[in-house]
Every structure is written in C-alpha cells, then in structure tokens.
Amino acid sequence: MDIYILTLLSIPLLAALLVYIVPFSKAKYIPILALITTSIISIKIFNLNNFDSQLNLKFNYSHLITVLDFILLLFFIKKGWENKDKPILFFNISSLLLLLFLELKIDNSPNFLINIDNISQIMLLFVNIISLFIFIHAIPYMQKHREHFSLKTTSNNNFFCILLLFVAGMNGLIITNHLLHFYFFFEITTLCSYLLIGHDRTQEAVANSLLALRLNSLGGLFFLIGSTGLYFIFPSVDILKIVQKAPVNSLFLLFLAYICLAGMVKSAQLPFQKWLLGAMVAPTPTSALLHSSTMVKAGIYLLLRFSPLFANTFFSTTLALCGGFTFLATALLAIGQDNAKKVLAYSTISNLGLIIACIGINTPASITAALILTFFHAFNKALLFLCIGTIEQKIASRNLEDMRNLYTLMPLTAIITVFGAIAMILPPFGMLLGKWMAIESSAQNILLVLMLALGSAVTVLYWARWAGLFMGYKLREKIKLESQSLLTRIPLLILLLAVFLLPAYSPWLYQEKIYPFILTYSHIWKNNLYLLLGGSFQNSFGSFPLFPLFSLAILGFFIAHYFLLKAKRKPLEIPYFSGLSIDKSSFGYVNPLGQRVIPKTSNYYLLQVIENSKLALWIDRLSLIFILLFLGGGLR
Amino acid sequence: MPMFLKLFLFLLSPFAIGVILGIDRKLTAYLQSRIGPPIFQPFYDLFKLLGKESKTSDYWLSFCAYVYLCGAITCAFLFFLQADLLLIFFVQAVGSIFLVLGAFSVSSPFSQIGGQRELFQIIAYEPLLIAVIVGIYLVTGSFEISSIYKLNYPLLAKLPLLFLILTFALTIKLRKSPFDISASHHAHQEIVRGVFTEYSGSYLAIVELAHWFELVFILGLISLFWANSFFMSTILVFLTYFLEIIVDNITSRLTWRFMLKNAWSVGIILALINLIWLYKG
C-alpha cells in the first residue's frame with residue numbers, strides 16, 4: 001500500500017520535472033506514461049476490498065508541506081502585488097497570518113496521515129483515468145493550439161508540467177487525512193487553475209486567471225477560518241477523528257459552514273460562479289480536466305467528507321437549499337448562452353449544485369445520488385469538453401450557431417457530442433439515475449423539490465437544443481468520416497463507451513463501494529438505503545429497474561438504427577417550403593419578388609429575459625441570501 | 001391484478017386510445033357544426049400513412065421517430081406494471097425529446113421553430129408533472145403506482161389543486177388549444193404542423209402511434225386520481241378528456257410567453273399550496 005501511495009504522488013511529480021526539462025518533442029509521451037502508471041495503481045487500489053485504509057508513510061512529510069504552504073502563499077501574495085490586486089493581497093496575507101498562528105498552535109498530528117475509504121477509491125479512479133484520456137487528447141490539441149496562438153515553444157512543456165502537478169495535487173487531496181495537508185493540496189489546485197487559465201497570456205486570459213485566483217484565495221481563507229475555529233472547539237487536525245468524534249454544537253456548525261463555503265467556492269457555486277465562467281478562456285484540456293470533471297469535484301469531496309457530521313440538522317437543509325438554488329438559477333442562465341463552452345460551464349455549476357443539494361438532504365439515498373452524480377458527471381463532462389475542443393479547432397469558433405449541421409462536416413464527432421448530451425438527460429444513463437434518486441430523496445422538502453423540478457426541466461431544454469443542433473444533413477452532399485489524429489479519436493470513443501456502458505456497472509459500484517461507505521456511518525444514515533434486487537435499485541420509496549431499462553434502451557437503439565439504415569437507401573427530399581421550393585434539389589425557396597431565399601434558423605436564447613442584467617442581479621442577490629441562511633443554519 | 005391481465009390491458013390500450021381519438025374528432029366536428037369522420041377514422045389514417053412511401057429530408061429523423069415509439073411503448077408498459085411513477089415520467093421524456101431532436105435534424109424553418117416551441121411546452125409541463133408526482137408521494141408515502149391502489153379514498157380528495165394543475169399540464173402536453181403552440185390540430189394547419197412538419201408518410205404514422213401510447217400514460221395518470229373505484233376512475237378520465245375537448249374548441253392559441261409565465265407562476269404556486277397542505281396536514 002505504501003508503495004502505491006508513493007507512486008500516486010511521486011510519478012506525476014517526477015514526470016512534471018522531466019517534462020519541464022526535456023524539449024517537448026521528446027517529452028511528448030512522458031505524461032501519458034506517468035498517467036498510465038497512476039491509472040493502473042488507482043484501479044488496483046479500487047479493487048482492494050479489505051485493506052488498511054488508514055496508514056502512515058515511512059517518513060513524516062508534514063514539515064515539508066508546511067514550508068511549501070508558506071512558499072505557495074508568498075507566491076500568491078507576490079502575484080497580487082505585481083498585479084496590484086488588493087483582494088488577492090488581502091485574502092492571502094490574512095491566510096498567511098492565520099496559517100502561521102495555526103501552525104504554532106497545533107501540537108498534535110493525526111494518528112494517520114492517510115485515509116483511503118470507499119469514496120477516495122472512487123475519486124482516485126475517475127480522476128486518474130479521466131486525466132489519462134484528457135492528456136492523450138491534449139497532445140495534438142496543444143500542438144495546434146500553440147501554432148494558432150503563436151506561443152513560445154516551451155509553452156507546452158509548462159502546460160503539461162502544470163497538468164501533472166495538478167494530478168499529483170489532486171491525488172494528495174483525495175488520500176490525505178490531515179486537515180492542513182488538505183488545505184495545502186486545495187491551494188495546489190488553486191495554483192494550477194490560476195496558471196492554466198492564464199496560459200495563453202492574452203489580456204482576457206490574464207484578467208480571468210486573476211479573477212480565479214481572487215475567488216479561490218477567498219475560498220482558501222474560508223477554509224483556514226473554518227479550521228482555526230474547529231481546532232479551538234475540538235483540538236485535532238485528524239479529519240476522520242473530527243467527523244467521528246467532534247461535538248456538534250452551534251458554534252462548531254458555524255465554523256464548519258466556513259469549511260463548506262470553501263468547498264462551494266471551489267465548486268463555483270452561486271454567488272462565486274464567475275471564476276469558472278472566466279476559466280473557459282483556457283485551452284480546452286484545462287476546462288475538461290480542472291474545470292468540469294475533477295478539480296471542481298474537490299469541493300464536493302470536502303463536503304462529502306464532512307457530511308456525516310451535520311446529518312439531520314437544519315444546517316444541512318440550508319446547504320441543500322443553496323445547492324438547489326444554484327441548480328435552478330444556473331440552468332436558467334445556460335439558456336441564454338450561445339458559446340458552447342459557456343453552456344458547458346453553466347451546466348457544470350448547475351450539476352455541482354444538484355450534487356450539493358443531495359449532500360444537504362443527507363440521507364442514505366441522497367448520498368448515493370451525490371456519489372453517482374459525481375462519478376458519471378466527471379465522465380460525461382470530460383467527453384463533452386473534448387468534443388467541443390475538437391470541433392472548436394476544426395471550425396475556429398465556439399459559437400453554437402456555427403456548429404449547426406455539423407454532421408455534414410465531421411459526422412463522428414458530431415454524433416458523439418449528440419450522444420454525450422443525450423446521456424446527460426435521459427434514462428437509463430448515470431446522470432438520470434442520479435437525478436431520479438435526488439428528486440425522490442428530496443421529496444420531503446417541498447421548496448427544494450420544486451427547485452429541482454424546475455431546474456431539471458430547464459436542463460432538458462438546453463441539452464435537447466444542444467443535441468438537435470449537430471444532427472443536420474446537408475442535402476446532396478456526400479458525408480465522409482472526418483480525418484483526425486488517432487490521439488484525438490481514441491479518447492473520444494473510449495469516453496463515449498464509458499458514458500454508455502458504465503451505467504450498467506453502477507449496481508456493482510453501489511454494492512461494492514457506496515453501500516459499504518454508507519454502512520460505516522449506519523448510526524446516522526439508517527433508513528431507506530437502496531437495495532439491489534435483480535439489477536434494480538429499490539428502497540421503500542421507489543425502484544429503478546436499471547438492467548431491464550438498459551436492455552430496452554439497447555433494443556430500442558438497434559430497432560431505430562435498423563430503420564435509419566433502411567432510410568439511408570433512399571435519397572433525401574428537400575424540406576417543406578409551402579410549395580415554393582427553388583427546385584427539386586436545392587435548399588431554399590423563391591419569395592414573391594422571385595428572389596431565391598435560403599432560410600436560416602437559430603435557437604431562441606431568450607435574451608430579453610436571460611441577458612437582462614436584472615435577472616442576473618436578482619440571482620446574485622438571492623444566492624447571497626441563501627448563503628447567509630446557510631452560514632447561520634447551525635445556530636440554535 | 002395478475003400479470004397476464006396487465007399485459008392484456010396493455011395490448012388493448014392503443015385500440016381504446018384510437019377510439020377515444022375518434023370520439024374526439026366526432027365531438028370536435030359536432031362543436032364546429034360538421035358531421036365529422038367515422039369513429040374509426042384514426043385507425044384508417046394510421047394504416048393509410050403506414051402504407052405510404054417513406055421519404056424523409058433527414059436520415060436521423062427516421063431514427064428519432066422509432067426511438068420516440070420505443071420510449072412511448074416502454075412508458076405505457078411500465079405504467080401497466082405499476083412501476084415507479086417518477087421513473088415512468090423520465091422514460092416519457094425520452095420520447096418527447098427524440099420527437100424534438102427529429103424536428104431539429106431538418107433545417108426547415110417550420111420544424112425548427114416547431115421544435116423550439118415544443119421545448120418550451122416541455123419546460124412548461126415537466127415541473128408541474130413532477131409536482132403532481134411528489135404530491136402523490138406525500139399522500140401515499142411511495143412513488144410506486146401500486147401503492148395508490150392500496151388507498152381507500154380517491155387521491156382527488158387530497159390533491160384538488162394538483163389535479164387542476166395536472167389538467168393544465170395535460171393541455172400543454174397534448175398540444176391542445178390554447179396551448180397548441182408547437183403543433184396545431186386544426187385541419188387547415190395539418191400540412192404544416194410545427195414540430196411534425198417534416199415527419200411524413202410512415203414516419204408520421206410511427207409518431208402518431210407513439211403519441212397514442214403517450215396518451216395511455218396521460219389518461220392513466222388521470223385515472224389514478226380515483227383509483228379505488230374502477231367505475232369512478234373511468235368517469236373521471238372521460239370527464240377530464242371531454243373538458244379538454246371543449247376547451248380545445250372554445251379557445252384560441254396563446255403565445256408561449258403566456259404559457260411559460262403562467263405554468264411557472266400560477267402552476268407552481270398552486271402546486272406549492274397543495275403540497276403545503278399535505279406537508280402540514
């Protein structure tokens with residue numbers, strides 16, 4: 001076990017060092033090799049069932065981390081100083097002082113530095129495997145990207161170096177059991193996010209990277225305020241011990257709220273969402289890896305870790321309301337977007353809100369929902385981002401309207417994108433399984449369930465519109481499979497397979513990982529656990545026959561596909577133009593003046609409603625109210 | 001109910017729907033001072049369309065039509081198995097989404113705008129239906145349909161406002177006037193019927209058949225509100241559907257803005273009130 005953990009942390013770091021030194025043309029495959037190693041190890045760890053989950057490594061690296069922590073904060077302060085950014089300076093100097101105080105105060109270290117439980121296993125698995133595929137996809141992408149932006153030749157070395165650093169940081173964050181180590185790894189992800197957003201050095205990129213640093217420094221400060229407070233009430237930095245033994249009183253919950261707030265900033269919940277939207281200027285592999293599938297899950301992971309502490313409290317309900325509100329509000333904002341990456345960003349925030357709502361409901365069923373959603377969202381979003389990255393480089397636009405009828409140009413990528421969108425909203429795929437669990441377990445909370453109902457409908461709207469956009473055939477044009485690098489195609493296909501086949505694996509995922517996790521806290525989470533009967537999830541509320549539905553979906557797919565092939569034997573007809581078509585083979589109609597008109601259509605973006613600054617303003621205000629409600633939710 | 005009886009009823013259901021649609025047309029004709037087609041006209045139409053040459057302006061459209069049919073059949077089947085109501089609702093969504101996707105795949109302005117409007121119809125009725133399902137859950141304590149049949153009083157007694165909302169949602173779902181925004185049923189518009197414009201020949205027949213199975217689910221949902229008596233549930237279904245026809249004939253189309261505004265304000269507020277009654281009651 002020791003050796004596994006050491007490899008998880010050191011291999012990406014070593015690779016990062018190598019990539020930094022060796023010219024990129026020679027170092028191209030080093031990151032991939034490193035990630036294949038970590039993926040194999042994460043699978044090995046995932047397959048372990050009875051093992052020593054809590055352990056210490058041979059040497060204690062706490063002091064090293066303390067030193068690095070200060071260096072990191074000084075680096076942030078330097079950046080704040082250079083850019084004359086007062087908030088960054090203020091947040092990081094306060095963090096520095098608080099950390100100094102805390103380090104002097106803390107006189108004990110946890111019994112175990114490392115704790116790997118079932119959720120860490122799940123997180124390790126998807127973080128490493130998704131990173132691997134995103135890295136593969138990034139090789140051709142970054143090469144083109146560098147040429148397009150005429151960046152320095154070393155820029156790609158830096159890029160992969162930071163990505164590798166991120167993977168190491170994320171692995172460290174998942175396995176650590178020391179509250180302040182968690183803080184350090186948390187800040188590492190902030191650092192990587194900051195550096196990667198500013199990668200292109202354009203004016204917009206620099207501004208947005210500073211915005212991300214500003215908000216995430218605030219998150220870091222929240223974390224430190226929370227942990228200082230917790231330490232005074234319950235003097236321990238052992239996360240596991242805190243979760244199991246800490247006295248839950250109102251003051252404790254107040255400080256815990258700050259820790260949760262840190263998680264919510266990292267997960268870009270309202271009203272802290274701006275940094276994630278700005279982060280979309282970064283090259284697409286960054287968005288795919290950090291800003292949708294893995295890093296933003298660090299916030300979720302933090303909340304999940306502490307969730308047993310606040311089960312059955314009003315505090316938890318307020319957390320759920322915050323999440324539910326974000327789910328609904330950002331889904332609404334997504335309707336108004338015609339920038340494909342922004343739609344994905346809003347959808348990410350929205351889904352993270354749904355997951356936080358599930359954590360807030362805090363019942364066995366909802367925690368299951370949260371884990372299922374986290375797992376499948378990671379794969380699905382990674383896929384969609386890689387698709388958009390591929391498309392964006394081909395058509396040199398991120399605008400959705402420019403992607404209309406994309407099937408003609410790049411049929412394979414277009415169809416993968418369509419299926420990716422469908423998997424976000426329809427049964428029997430993982431996201432819907434999670435949403436079904438979420439709504440069923442939130443039904444006791446009327447306000448929340450109505451927010452989820454509205455949000456879920458809006459989600460359907462923007463995904464259906466998204467899927468419909470890509471499918472058009474152009475008349476009389478021969479459609480050829482697009483040529484693209486294998487390094488682009490393979491990750492797309494594998495992630496597509498994962499999105500489609502992994503839902504069938506979800507019963508095992510539940511049985512072997514999620515169920516035991518919930519059982520460890522069986523004194524808190526007791527009623528209505530899902531049981532698996534013949535491949536269907538069942539509790540006393542309802543049942544989801546996953547296997548039957550899955551087989552029906554496959555059958556339906558093949559029936560429809562058969563008729564698709566049958567239809568393809570006949571040439572296409574021109575669409576209906578009220579009998580005024582130009583002729584039998586061209587698209588368009590003749591208007592009363594005898595002119596040929598090619599009609600153009602576009603989506604309703606409801607700009608007068610959504611873009612209206614008043615709506616955004618009200619959403620921000622309301623979210624502040626919810627956050628305030630949440631902060632004091634434990635006082636009683 | 002024994003399994004074979006459920007299966008038998010399920011197989012019978014589309015025929016019943018065909019007849020109901022025939023009566024619908026007859027009644028509509030009466031209200032418009034016409035004689036109207038024979039009651040079995042929906043069947044004649046369906047078979048005629050099935051026999052037509054299948055031509056299309058986008059190949060994906062045929063794919064989408066058949067997925068719609070499969071989704072709708074699954075949905076109706078799950079209903080007869082008395083499965084989880086929320087799940088059935090989500091399976092129902094498969095069909096409605098693929099209908100829209102098919103319309104979107106053709107760049108004809110009619111079907112594109114029809115598709116966009118159909119999406120607005122969907123976001124208008126979906127939250128309302130989920131609210132109704134949650135209301136049923138709060139009464140019975142379970143999402144399974146079977147638990148409704150164990151009640152010894154009609155759901156209607158506990159969920160009067162939610163029943164009202166259900167009828168509102170169904171008018172939108174069935175695209176009946178005044179909410180026939182994405183597709184109108186009136187004869188002069190039948191060729192250019194919004195979201196259905198590009199579905200032609202046998203594909204139109206498939207979509208029509210899928211719609212029949214959707215109707216099975218919808219009318220079934222109404223029947224649940226008086227589930228403890230077979231007789232009363234039949235009466236309730238017929239009465240509600242009769243009212244839908246009347247409303248369809250005496251109103252004219254409203255804009256999608258009106259629909260969305262009212263579904264999301266009046267609809268949700270009424271739902272909230274009814275849910276609070278149950279929560280505190």
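Computed from a prediction, not measured in an experiment: that's the story for all the values here. (Residues numbered from 1 in each chain as written. Chains lettered and ligands numbered in written order. Predicted model: local features only at pLDDT ≥ 70, side-chain atom pairs only at ≥ 80, totals over all residues.)

**Here we look at the overall build of chain B**
Note the cut-off: Numbering goes from the N terminus for both helices and strands, where a helix is a DSSP run of H or I of at least four residues and a strand is a run of E of at least two. In this treatment the radius of gyration is a C-alpha quantity, and the globule benchmark scales as 2.2 Å times the residue count to the 0.38 power. Partly exposed residues are those whose C-beta has more than 12 but fewer than 20 other C-beta atoms within 10 Å; with 20 or more the residue is buried, with 12 or fewer it is exposed, and the C-beta atoms are placed from the backbone. We call two residues in contact whenever the C-beta atoms placed from their backbones are within 7 Å.
Secondary structure assignment for chain B yields ten helices and zero strands. For chain B, the N- to C-terminal ordering of α and β elements is α-α-α-α-α-α-α-α-α-α. Taking 2.2 N^0.38 as the reference for a compact globule, 281 residues should give roughly 19 Å; the C-alpha atoms of chain B span a radius of gyration of 18 Å, in line with that estimate. Along the first, second and third principal axes, the C-alpha set of chain B runs to 55 × 45 × 40 Å. Counting only residues that meet the buried cut, chain B has 55% of its 281 residues in that class. The long-range share in chain B, meaning contacts at least 24 apart out of those at least 6 apart in sequence, stands at 75%.

**Remarks on the environment of A:L448**
Residues and elements named next belong to chain A. Tracing the sequence through the fold places L448 in helix 21 (residues 446–469). Each C-alpha atom, one on L448 and one on A320, is 7.4 Å from the other, the two residues being 128 residues apart in sequence. In this structure, L448 is in contact with A320, L321, G324, A357 and S442, ignoring residues within four places of it in sequence.

**Quick notes on the confidence of the model for chain B**
Inclusion rule: The predictor's confidence in any single residue is recorded as pLDDT, a number from 0 to 100.
The share of residues in chain B with pLDDT of 70 or more is 96%, and the mean pLDDT across the chain is 89. Interface predicted TM-score (ipTM) for the complex: 0.94; the corresponding pTM is 0.95.

**What to know about the interface of chain B and chain A**
How big an interface is tends to be stated in terms of the accessible area lost upon association of its parts. Between chain B and chain A, the contact holds 56 residues from the first and 50 residues from the second. Elements supplying a minimum of two residues to the side of chain B that touches chain A: helix 3 (59–80), helix 4 (85–105), helix 5 (109–140) and helix 10 (256–280) of chain B. Counting residues per element, the side of chain B that touches chain A draws most heavily on helix 5 of chain B, which supplies 15 residues.

**Side note on helix 11 (residues 250–266) of chain A**
Residue and element names in this part refer to chain A. What counts is decided by this rule: What a helix should span is 1.5 Å times the count of its residues minus one.
Compared with an ideal rise of 1.5 Å per residue, which puts 17 residues at 24 Å, helix 11 spans 25 Å between its outermost C-alpha atoms and is within 8% of the ideal. Burial of helix 11 is extensive: 13 of the 17 residues sit out of reach of the surface. Of the residues flanking the end of helix 11, it is A268, one or two places downstream, whose phi is positive at about 55°.

**Examining the confidence of the model for chain A**
With 99% of its residues at a pLDDT of at least 70, chain A reaches an overall mean of 89. Highest mean pLDDT in chain A belongs to helix 16 (residues 340–361) of chain A (94); lowest belongs to helix 24 (residues 607–610) of chain A (72).

**Points about the sheet that holds strand 3 (residues 531–533) of chain A**
All names here are of chain A. Heads up, the rule is: Pairing between two strands is assigned when DSSP locates at least 2 bridges connecting them. Geometry is summarised by axes, namely lines fitted to C-alpha atoms with helices restricted to the contacting stretch, and by angles between N-to-C directions that run from 0 to 180 degrees.
Ordered in space as 3-4-5, the three strands form an open sheet in which the pairing is antiparallel. Because the sheet does not close on itself, it has two edges, and the strands there are strand 3 and strand 5 (543–545). Geometrically, the sheet is characterised by an average inter-axis angle of 25° between neighbouring strands, direction not taken into account. Taken together, the three bridges between strand 3 and strand 4 (residues 536–538) define a ladder with antiparallel strand orientation.

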